[in-house]
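One letter stands for each residue in the lines below.
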Amino acid sequence: MAKNLLVSNPLTPQISTPNPNKPKSRILRHLPVTCSTAIPKSTSPKQRLLTLISDEDRGVKTLKNAAKRSEITAAIDDISELGKGTVTTGDSLSATWRLLWTTEKEQLFIIEKAGIFGTRAGDVLQVIDVGKGVLNNVITFPPDGVFFVRSTIEVASAQRVNFRFTSAVLRGKGWEVPLPPFGQGW
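Computed from a predicted model, the values in this text were never measured in an experiment. For every chain, the first residue of the written sequence is number 1, and numbering continues from 1 along that sequence. A pLDDT threshold of at least 70 governs which residues receive local features in this predicted model, and a stricter bar of 80 or more applies before side-chain atom pairs are shown or counted, although totals over entire chains, interfaces and linings include all residues. Each side-chain value is worked out from all heavy atoms of the structure, with water and hydrogens disregarded.

Peer 1: What exactly am I supposed to notice about unusual backbone geometry here?
Peer 2: Peptide bonds are, in most cases, trans, and in most cases residues other than glycine have a negative phi. Pro 143 follows Pro 142 through a cis peptide bond whose omega is 5 degrees. Even without being a glycine, Asp 57 presents a positive backbone phi close to 50 degrees. Strands are runs of DSSP state E lasting at least 2 residues, helices are runs of H or I lasting at least 4, and numbering of each runs from the N terminus. Assignment of secondary structure puts Asp 57 in the loop between α1 (45-53) and α2 (66-82). In this structure, Arg 58 takes a positive phi of about 60 degrees despite not being glycine. Tracing the chain through its elements places Arg 58 in the loop between α1 and α2. Three exposure classes are used, based on accessible area relative to the maximum for each residue type with a 1.4 Å probe and protein chains only: buried under 20%, partly exposed in between, and exposed over 50%. Its relative accessible area of 16% is what places Arg 58 among the buried residues.

Peer 1: I tried to follow α2 on my own but got confused; where do I start?
Peer 2: Side chains of residues three or four places apart in an α-helix project in the same direction, reflecting 3.6 residues per turn. For α2, spanning 17 residues, the distance from its first C-alpha to its last is 25 Å, which sits close to the expected 24 Å at 1.5 Å a residue. Those residues of α2 that sit buried are Lys 68, Ile 72, Thr 73, Ala 75 and Ile 76. Here the buried residues of α2 occupy an arc of 155 degrees about the axis, which is enough to place them on one side. What makes two residues a contact is simply this: any of their non-hydrogen atoms within 4.5 Å. On the buried face of α2, the contacting elements are α1 and β2 (95-102). One less than the residue count of a helix, multiplied by 1.5 Å, gives the span that helix is expected to have. It is the directions from the helix axis to the C-beta atoms whose arc is reported.

Peer 1: Mind showing me how you'd approach the packing of aromatic side chains here?
Peer 2: Two aromatic rings, taken as a pair, are described by how far apart their centres are and by the angle between their planes. Any pair of Phe, Tyr and Trp rings, taking the six-membered ring for Trp, is counted once the centres come within 6.5 Å. Such a pair is stacked with planes under 30 degrees apart, edge-to-face with planes over 60 apart, and tilted for the rest. The full count for this structure, using the stated rule, is one aromatic pair. In this scheme, Lys NZ or Arg CZ marks a charge over a ring once it lies within 6 Å of the ring centre and within 35 degrees of the ring normal. Of note, Arg 160 hangs over the ring of Trp 186, and the distance from its end group to the ring centre comes to 3.5 Å.

Peer 1: Explanation requested: the packing of α1 against α2 in the structure shown.
Peer 2: The packing of two helices is summarised by the inter-axis angle and the distance between the axes. Look at α1 against α2: their axes get within 10 Å of each other, and the N-to-C directions meet at 155 degrees. With respect to their mutual orientation, α1 and α2 come out roughly antiparallel. In this structure, α1 meets α2 at a crossing whose hand is left-handed. Residues Pro 45, Lys 46, Arg 48, Leu 49, Leu 52 and Ile 53 of α1 pack against Lys 68, Glu 71, Ile 72, Ala 75, Ile 76, Ile 79 and Leu 82 of α2. Residue type decides the class: Asp, Glu, Lys and Arg count as charged, Ala, Val, Leu, Ile, Met, Phe, Trp, Tyr, Cys and Pro as nonpolar, and the leftover types, Gly among them, as polar. The class makeup of the residues in the contact of α1 with α2 is nine nonpolar, no polar and four charged. In this description, a line fitted to the C-alpha atoms serves as the axis of each element, helices being fitted only across the stretch in contact, and the angle between N-to-C directions of two axes falls anywhere from 0 to 180 degrees. Just so you know how the angles are binned, under 35 degrees is roughly parallel, over 145 roughly antiparallel, 65 to 115 roughly perpendicular, and the rest oblique. Rotating anticlockwise by less than a right angle from the far helix to the near helix defines a left-handed crossing, while the corresponding clockwise rotation defines a right-handed one.

Peer 1: It is not clear to me how a nonpolar patch on the surface should be interpreted in this structure. Could you clarify?
Peer 2: A surface patch of nonpolar side chains, about 250 Å² in accessible area, is lined by Trp 175, Val 177 and Leu 179. Looking at where Leu 179 falls in the secondary structure, it is placed in strand β7 (residues 175-179). For patches, a residue must show more than 30% relative accessible area and have no salt bridge; joins then use 9 Å for like charges and 5 Å for nonpolar side chains, namely Val, Leu, Ile, Met, Phe, Trp and Tyr. Surface exposure here means Shrake-Rupley accessible area, sampled with a 1.4 Å probe, where a residue is shielded only by the protein chains that are shown. Note on definitions: salt bridges are taken to be side-chain nitrogens of Lys or Arg within 4 Å of carboxyl oxygens of Asp or Glu.

Peer 1: Even after reading the chapter, I still don't get the pattern of salt bridges, so can you show me in this structure?
Peer 2: Pairing of side chains with opposite charge becomes possible as their charged atoms draw close. Across all of its chains, the model carries seven salt bridges by this definition. The partner of Glu 56 in a salt bridge is Lys 68, with the nearest N and O atoms 3.2 Å apart. In this pair, Glu 56 sits in the loop between α1 and α2 while Lys 68 sits in helix α2, placing the two residues 12 residues apart along the sequence. Taking the shortest distance from any N to any O, the salt bridge between Lys 84 and Glu 81 comes out at 3.4 Å. On the basis of relative accessible area, Lys 84 is assigned to the exposed category, the value being 58%. Members of the salt-bridge network, linked through shared partners, are Asp 55, Glu 56 and Lys 68.

Peer 1: Help me understand the pairing of strand β3 (residues 124-129) in this model?
Peer 2: Moving residue by residue along a regular strand, the side chains alternate between the two faces of the sheet. Burial of β3 is extensive: six of the six residues sit out of reach of the surface. Residue alternation in β3 divides its side chains into two sets, Val 124, Gln 126 and Ile 128 and Leu 125, Val 127 and Asp 129, and both sets are buried. Pairing analysis gives four bridges linking β2 to β3, with the strands arranged antiparallel. Bridge pairing in β3 links Trp 97 to Gln 126. Summarising the sheet, β3 and strand β4 (residues 134-141) pair through six bridges and their orientation is antiparallel. Within β4, the residue paired with Ile 128 across the bridge is Leu 135. The hairpin turn running from β3 into β4, its antiparallel successor, is four residues long, and Gly 133 in that turn takes a positive phi close to 70 degrees. Here, any two strands with at least 2 DSSP bridges between them count as paired.

And the structure:
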């Protein structure tokens, strides 16, 4: 299963389907992340992970570096262990999340190959509303493009949400291509 590191934006308390052609600037805030080759032992697990992923281009560089990928996934597993037994699928999951790192190959392909369309990948977001059973994935391509995937979600346990893609669309300035949705997972 793909590993994702998503960070919530505290400035978006309610969930709404974003207008993919005009993302709100408050959603696009950058998080401060530092880069270091040596991570002190006293560093918190979260800060250690953020340091490890800070120069990995959301996972694109990690595709070619198995040792770094293993180090990052071990750090994610360490944080998961700290949260064992807590509820992570409640209302606090409902937010707009910004993708910082992933092993999900399709997302990484789109991020890496954005130059084919004469652009670059902008922010990569997940908008989750547990109460409504909705998860939307959004990859922006500034200034006018977006890849938007809608999904339904169902809480499976205190720490797991199942999803199923329901629709997908690739939009640019003045054009739109609907794509067949495929995929499900947790």
